[in-house]
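# Architecture at a glance
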Amino acid sequence: MSSELESLYQEIILEHSRYPRNYGRLPQPTHHAEGYNPLCGDQVHLTLQVDGEAIRDIRFEGQSCAICKASASVMTSLVKGLPLSEVEQLYEAFHALLTAEEPPTFSHIAPKYQDYLLAFGAVRNYPMRVKCATLPWHTLHAALHESHHEPVSTENL
Amino acid sequence: MSSELESLYQEIILEHSRYPRNYGRLPQPTHHAEGYNPLCGDQVHLTLQVDGEAIRDIRFEGQSCAICKASASVMTSLVKGLPLSEVEQLYEAFHALLTAEEPPTFSHIAPKYQDYLLAFGAVRNYPMRVKCATLPWHTLHAALHESHHEPVSTENL
Amino acid sequence: MNPTPLLEKARQLRADFPILSQAHPSGRPLIYFDNAATAQKPRVVIERLSAFLATQNANIHRGVHWLSQEATHLYEKARETVQHFLGAASPEEIIFVRGATEGINLIAQGLRRAYFQPGDEIILSTLEHHANIVPWQLVAEELPLRLKPLPLTSAGAVDVSALPDFLSPRTRLIAITHTSNGLGTRTPIEEIVAFAKAHDIPVLLDACQSIVHEAIDVQKLPVDFLVFSGHKLYGPTGVGVVYMRHPWGRKLPPYQGGGDMIVRVTWEKTRYAPPPAKFEAGTPAIAEAIVLATAIHYITDTVGYDFIQAYEAYLTDLAEALLRDVPGLTLYGTARPRGPIWSFNIEGIHPHDLGTFLDSWGIAVRVGHHCNQPLMDALGVPATARLSLAFYNLPEELQTLQEALLAAVEFFHKPLPSLRHE
Amino acid sequence: MNPTPLLEKARQLRADFPILSQAHPSGRPLIYFDNAATAQKPRVVIERLSAFLATQNANIHRGVHWLSQEATHLYEKARETVQHFLGAASPEEIIFVRGATEGINLIAQGLRRAYFQPGDEIILSTLEHHANIVPWQLVAEELPLRLKPLPLTSAGAVDVSALPDFLSPRTRLIAITHTSNGLGTRTPIEEIVAFAKAHDIPVLLDACQSIVHEAIDVQKLPVDFLVFSGHKLYGPTGVGVVYMRHPWGRKLPPYQGGGDMIVRVTWEKTRYAPPPAKFEAGTPAIAEAIVLATAIHYITDTVGYDFIQAYEAYLTDLAEALLRDVPGLTLYGTARPRGPIWSFNIEGIHPHDLGTFLDSWGIAVRVGHHCNQPLMDALGVPATARLSLAFYNLPEELQTLQEALLAAVEFFHKPLPSLRHE
Ligand SMILES: Cc1ncc(COP(=O)(O)O)c(C=O)c1O
Ligand SMILES: Cc1ncc(COP(=O)(O)O)c(C=O)c1O
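Rules of the game
Sequence positions are assigned chain by chain, starting from 1 and proceeding in written order. Chain labels run from A onward and ligand labels from 1 onward, assigned in the order the entries are written. Local features in a predicted model are, by the rule used here, given only for residues with pLDDT of at least 70; side-chain atom pairs are given and counted only at 80 or more, and totals for whole chains, interfaces and linings are based on all residues. Side-chain measures here rest on the full set of heavy atoms in the structure, leaving out hydrogens and waters. Delimitation of the domains relies on an automatic or database domain assignment. The contact criterion used is simple: two residues touch if any of their non-hydrogen atoms lie within 4.5 Å. In this description, buried area is defined as the sum, over both parts, of the accessible area (probe of 1.4 Å) that is lost when the two are combined. Basic side-chain nitrogens of Lys or Arg form a salt bridge, by our definition, when they fall within 4 Å of a carboxyl oxygen of Asp or Glu. For Phe, Tyr and Trp, where Trp contributes only its six-membered ring, two rings pair if their centres lie within 6.5 Å, and the inter-plane angle classes them as stacked under 30 degrees, edge-to-face over 60, or tilted in between. Each helix is a run of H or I in the DSSP string that is no shorter than four residues. Each strand is a run of E no shorter than two, and both are numbered from the N terminus. Relative accessibility thresholds used throughout: buried, under 20% of the residue-type maximum; exposed, over 50%; partly exposed, between the two (1.4 Å probe, protein chains only). Whether a charge sits over a ring depends on NZ of Lys or CZ of Arg being within 6 Å of the ring centre and within 35 degrees of the ring normal. Any pair of nitrogen or oxygen atoms within 3.5 Å is treated as a polar contact; in protein, a donor-acceptor pairing is required on top of that, and neighbouring residues in sequence qualify only through side-chain atoms on both sides. Nearness here has a simple test: a residue counts as near a molecule or strand if at least one of its heavy atoms is within 4 Å of that partner. For the area figures, the Shrake-Rupley method with a 1.4 Å probe applies, and any residue is considered shielded solely by the protein chains shown. Each residue is assigned to one of three groups, with Ala, Val, Leu, Ile, Met, Phe, Trp, Tyr, Cys and Pro labelled nonpolar, Asp, Glu, Lys and Arg labelled charged, and all others, Gly among them, labelled polar.

Here we come to the domain arrangement of chain C. All names here are of chain C. Domain annotation for chain C reports domain 1 (4-32 + 304-411) and domain 2 (45-301). With 34 residues of domain 1 at the contact, the number on the domain 2 side is 31 residues. Here domain 1 packs against domain 2, burying approximately 2400 Å² in sum over the two surfaces, 60% of which is carbon and sulfur. Interface area lost by domain 1 to domain 2 is led by Y305, I341 and L375, which between them contribute 27%. Our count for the domain 1 to domain 2 interface comes out at zero salt bridges.

Okay, structure coming up:
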């Protein structure tokens, strides 16, 4: 087994993809969005309960690869209960982790989140898989910030 | 001066292109056709007086290169007064001279015509010029055999 | 069948493909099983392309100078090579395009302007590539038209028995794939063409995936239109072919406007050239068309369709046996006859993850929907992994694939230390 | 100006072009003066193409395997190279097509479906290439549209003073050539763009013949659409570029349907991808696009537009002086600024004969209408001979051209022994 592959599919990722948290749909969401990666067929559907300035509850559903599913599972776990401003910070940190020229240091992110985010660090070495990991986050961003009818596609991003 | 070029532009050809015979238009033609080579802009307009089974009179007009003009001049000179069956024979002989795998022997063509036809023999070594020499002949063929409104184009041939 | 002579020839031919002797970044040998996406190029093709550019390059059709005459001659000879390759009646029936996709769009737009009436119907099939769906949808949006996809048998072949039910007085075209790029199953095209002829309906054949595995003769298989892509036939990218049976080329209007497709342009009125020039506006992919002819000669003369058929039949049996031995593996579409292309999934492993896993073994397979979303919908899966072979693939590569698949099962199903479930 | 350093650099660069060191079949050195038809390829371009095919070839966008990732990366990097070359705001504005002809057709069909109304007007010019006439005529046939060609000045430049008269409330596009492929004259495009902006009319620029001689920055010259062909810019055939300023790419519908230009295909409804994917259906000219980037780097980094401008200005003065010395020679279109392209005729010699004559001297010029029939009609000639230079042409080649032209005058005007006039 290549050790590169072990670092891509870390146990956190395999575990979350096998036993996804927050899987399903909220019955009466205040926000929702659908994300789609036309290249591989990954699909994520998010439903949220946003109350005042924080995400009270969140669920995801959809067919997707292990990276995408684990990312959605970890993301929903992290943002549930979080103020929107912190959600935005995590979104940016995650995006930078996978795509920035220099990976970020995460010094401003609470340590309890860091391990979860960093588990996805090796994805940056697999350019065709970056979109798998970022799709849930883009979809979350769209659910919170856009009032559109078309699903988010990673092609738009 | 390259001797190849001398054999392409034989004196018969230069002379006929400089002093074309049968240049102009018949006032009341029984047949006419227009030929056009879109690649170089050569244009030939033929007017004929066909009476019974022979070409009584023929004129050509048009802007064209030396090869095409000489070919039209020689052709009109040769076919004027000729029975249609012999015209057909000359048409085929000329075509074969320029395009057949093996150039024809012309044994069945009256000797008085042979020099004129053979003057165009070197054109076969200039593939892009073959259409210049054959355009008047194709146009003649079209005038006699087709009842169409579109001009002949060497692209159709 | 004794495979030894076949194997020897395959090994020899493989040496013609420089890319195949390269190592994968993992250090393992490269195993290229993505042939249905694009084929690798033999040395003769690569060298012919260089030679043309280094010694013969010129624009065509409009020059009396030496290089231009040579290039024109080579380009038109390439057209004749394709003509003879397909058994077409004349070079006029051969149009060079970018690829099958452009080819179908060219035909679709021509039919839109000169043939279809609003409300007309086209019969297609469930296994069409997007290239044989979306161009018709674009036309349908303007006219409208109705698209009727034939269903599949449970083994993944086009179900021709449905054809009479699909026929209506408005049926004006059957546009269908010869061999499925997703499943590898081969459409019973002979029956379809006979049916179409009996009802005077023209047929468009998408031969992208068939012509790389079998010879096609448009006299024996009298379709009206046929398309294929050069890059899948061991030739360059940027070139493909439309076969357009006479007199369709006379009836259809031009596709693109520009140089070379005209007889006379004035601001008031423009007269178009006859086919094939009519359909080849502007400077075509000159070098690519010329080198496509080299690729065709390589396939017909050096490789030979007899060899391709025999050797690929051997690989096909082997591949299916090896795949069937992998626990949890589902093969989609097992009908025969077929080309050496298979879609499959392994239980509990998303094809995307499988693709990355196999890549770490140096194995290139395609994963995704293969431009076959309606087929994926019909199969009820979002994506599959696809194995597609060429005559340069070797049995030991298939063995390695099986090993890797077994390793993938182990890797993705390995027991995990219990993490806290937050 | 001291031309010596320029000449030294030109001689060095010339060595990069293998085809130029070849002898013509006549035994004379090949003199290639048909650069406006297509440019020759430097060794780096030929070698990059071979290297891609021999070591990196794969289909793009849909693979997670190594080769496919690499090829995708290279293809998208080529798009970024073109983006920076043109100063475009984002790679989304860059669409790969077969060439300028397809580019204009793509834009014309998009505008037909989403922008033009029957009766709308397009302003063009008398010197347009057929590629910027016939696509509009095809659209005009369906809608209809009115095409209004601006006249030329007596020196052969587009007469911009006519612009206000040509404007009407129905004017919806100005589609115009930057540098004439027939005459070499450069359109005062800055004025035209300013006029168009003031009247809110989009501009399409045919940059085929300008971009090979001068740098273009779409921020400084804010056109809406721009097209050029790779093969004229020292790159491969089969690839060209459309620059489509944001948000036109969002507004226009797709051109061709097929793989890669979709987000989701179902039989009922298909959603298209955003630009540039929306306009690139099917497998593109992958190798060619990647190698076009190599050609662009060669031009901008190795040759340099400063050098091109300075050296070609020197050749321009020389060429005009030499041509003017040939008795009976008429130069059409002498306006400046210009590119190093000239149309001319010699009294009593048809250009077609002149072309054959020059070819026997090893000299390649183009003769004919140059896909400029409306321009030829305006000049009142059926055809011309055309000299077009590149930075690898040398002054001694121009001297030889003059010698050959003088010999042609002698040959075609030689006294003939009197033949019997039958
Ligand atoms: C000014 C101009 N526009 C358009 C074209 C068409 O280019 P292509 O034939 O490469 O599509 C050309 C080249 O012939 C040209 O010179
Ligand atoms: C069956 C089939 N049709 C059409 C196409 C489209 O070919 P291209 O992308 O070369 O235009 C493909 C290849 O992807 C194919 O497999």
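In this description, a pair of aromatic rings is defined by centroid distance and the angle of the planes. The full count for this structure, using the stated rule, is 49 aromatic pairs over all chains. Here the aromatic rings of F85(D) and F228(D) are separated by 6.1 Å at their centres, their planes lie at 75 degrees, and the arrangement is edge-to-face. Residue F85(D) is found in helix α3 (residues 66-86), and its partner F228(D) is found in strand β7 (residues 225-229); the two are separated by 143 residues along the sequence. The class of F85(D) is buried, set by a relative accessible area of 14%. With relative accessibility at 0%, the residue F228(D) sits in the buried group. In this structure, K251(C) packs its charged tip against the face of W248(C), placed 4.6 Å from the ring centre.

With that settled, consider the side chain of S73(A). Residue and element names in this part refer to chain A. Along the chain, the position of S73 falls in helix α3 (residues 66-79). Classification of S73 as buried rests on a relative accessible area of 0%. One polar contact links S73 to H16, side chain to side chain, over a distance of 2.6 Å. The residues touching S73, leaving out its near neighbours within four places in the chain, are H16, Y19, P20, R21, N22 and F60.

Facing 29 residues of chain A, the contacting portion of chain C comprises 22 residues. Buried area between chain A and chain C, both sides added, is near 2200 Å², and the carbon and sulfur share of it is 58%. Viewed at the interface, chain C and chain A are joined by two salt bridges. Across the pair R129(A) and D353(C) runs a salt bridge whose closest N-O atoms are separated by 2.9 Å. One can count eight residue pairs in polar contact (both at pLDDT 80 or more) joining chain A with chain C. Going through the elements one at a time, α1 (3-8), α2 (11-18), α3 and α6 (127-145) of chain A are the ones with two or more residues in the side of chain A that touches chain C. Looking at the side of chain A that touches chain C, the element that brings in the most residues is α2(A), giving five residues.

Moving on to the site of ligand 1. Within the structure, ligand 1 sits among 14 residues, and T283(C), T101(D), D206(D), S229(D) and K232(D) are positioned closest to it. In this structure, ligand 1 is bordered by residues of chains C and D. Within the side chain of H129(D), an N or O atom sits 3.0 Å from an oxygen atom of ligand 1. In isolation ligand 1 exposes 390 Å². Once the protein is present, 97% of that is buried. For the shell around ligand 1, a count of residues per class yields three nonpolar, nine polar and two charged.

Contacts to ligand 2 come from 14 residues, most closely from T101(C), D206(C), S229(C), K232(C) and T283(D). Note that an oxygen atom of ligand 2 is positioned 3.5 Å from one of the backbone N or O atoms of A100(C). Between D206(C) and ligand 2, the recorded distance is 2.5 Å, taken from a side-chain N or O atom to a nitrogen atom. Burial of ligand 2 by the protein chains amounts to 97% of its free accessible area of 390 Å². Here the residues of the shell around ligand 2 are counted per class, giving three nonpolar, nine polar and two charged.

The partner chain C presents 98 residues to the 98 residues of chain D that form the contact. The largest per-residue losses of area from chain D upon contact with chain C belong to W66(D), R98(D) and W267(D), which jointly make up 11% of the total buried on that side. Across the contact surface, chain D and chain C share ten salt bridges. Here E102(D) and R98(C) are joined by a salt bridge, their closest N and O atoms 2.6 Å apart. At the junction of chain D with chain C, the criterion picks out 55 residue pairs in polar contact (both at pLDDT 80 or more). Here the side of chain D that touches chain C gets seven residues from one element, more than from any other, and that element is helix α2 (residues 43-56) of chain D. By residue class, the composition of the side of chain D that touches chain C is 46 nonpolar, 36 polar and 16 charged.

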